[in-house]
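# Observations on the three-dimensional arrangement
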Amino acid sequence: MRGELVVIGNEPHGNYNRILLSQVLSGEKVFADTVLNDADWYAEHGIALLAGRKAVAINRARHRVVTGDGNLLPYDRPVLATGAKPLLPTLPGTPLKGIVTFCAVADVDTMLERAALPFHRSACRTLAFKNDGAVVLSAQ
Ligand SMILES: Cc1cc2nc3c(=O)[nH]c(=O)nc-3n(C[C@H](O)[C@H](O)[C@H](O)COP(=O)(O)OP(=O)(O)OC[C@H]3O[C@@H](n4cnc5c(N)ncnc54)[C@H](O)[C@@H]3O)c2cc1C
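To start, this report covers the structure provided alongside it. (Residues numbered from 1 in each chain as written. Predicted model: local features only at pLDDT ≥ 70, side-chain atom pairs only at ≥ 80, totals over all residues.)

## Re the overall build of the protein chain
Assigned secondary structure in the protein chain consists of 4 helices and 9 strands. Each helix (α) and strand (β) of the protein chain, taken in turn from the N terminus, gives the series β-α-α-α-β-β-β-β-α-β-β-β-β. By the burial criterion, 4% of the 140 residues in the protein chain qualify as buried. For the protein chain, contacts bridging at least 24 residues in sequence account for 34% of all contacts bridging at least 6. (Helix = DSSP H or I, 4+ residues; strand = E, 2+ residues; numbered from the N terminus. Buried ≥ 20, exposed ≤ 12 C-beta atoms within 10 Å, placed from the backbone. Contact = placed C-beta atoms within 7 Å.)

Below is the structure:
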């Protein structure tokens, strides 16, 4: 394919393997182990990575993507690859602080921060995962 490629991503880095995030959470891996393509790869392949930028609108008449910081980026062919947004089930308690969804490395950081916070008098050591109807408790 010929042409300029621009990737807009609202996470502050390039692509990474989300499947390995559980191992980052457990401490078996660090985020760097999950990175699929680093900044050099994007540069070597002539791909402009606009990380940490959210696309907030597409102006189809003018062929522009509007980013959250107010920029208008021209395009010929837009590709929407926004993944999925996790939904919290409508259960009592889900709006409480400490209930997080698990989709991005930022969620791992949030869970690790919360696990380090004092919970009553002892540190929180239990994480409960709800996935596809199964609830898994992981405790140390
Ligand atoms: C912990 C975990 C374990 C998993 N395990 C497996 C597994 O074993 N097997 C399997 O098949 N799948 C697994 N998955 C799912 C798999 O990772 C996803 O299906 C896959 O990442 C989807 O890829 P994608 O490119 O479609 O979207 P994503 O990887 O979600 O990428 C989409 C990107 O677009 C960004 N974005 C969204 N909206 C905007 C916007 N408006 N502007 C700018 N950027 C935006 C998002 O922030 C994200 O960075 C797992 C996921 C997680 C979180």
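## Let's talk about the pairing of strand β4 (residues 64-67)
Looking along a regular strand, one sees the side chains alternate between the two faces of the sheet. Where strand β3 (residues 55-59) and β4 come together, 4 bridges link them in antiparallel fashion. Bridge pairing in β4 links N59 to R64. Across 3 bridges, β4 lies against strand β5 (residues 72-74) in antiparallel orientation. Bridged to R64 within β5 is P74. If you look at the hairpin formed by β4 and β5, you'll find 4 residues sitting between the two strands, and G70 has a positive phi there, around 90°. (Pairing = 2+ DSSP bridges.)

It is worth stressing that arrangement in space is one thing and function is another; only the former is reported here.
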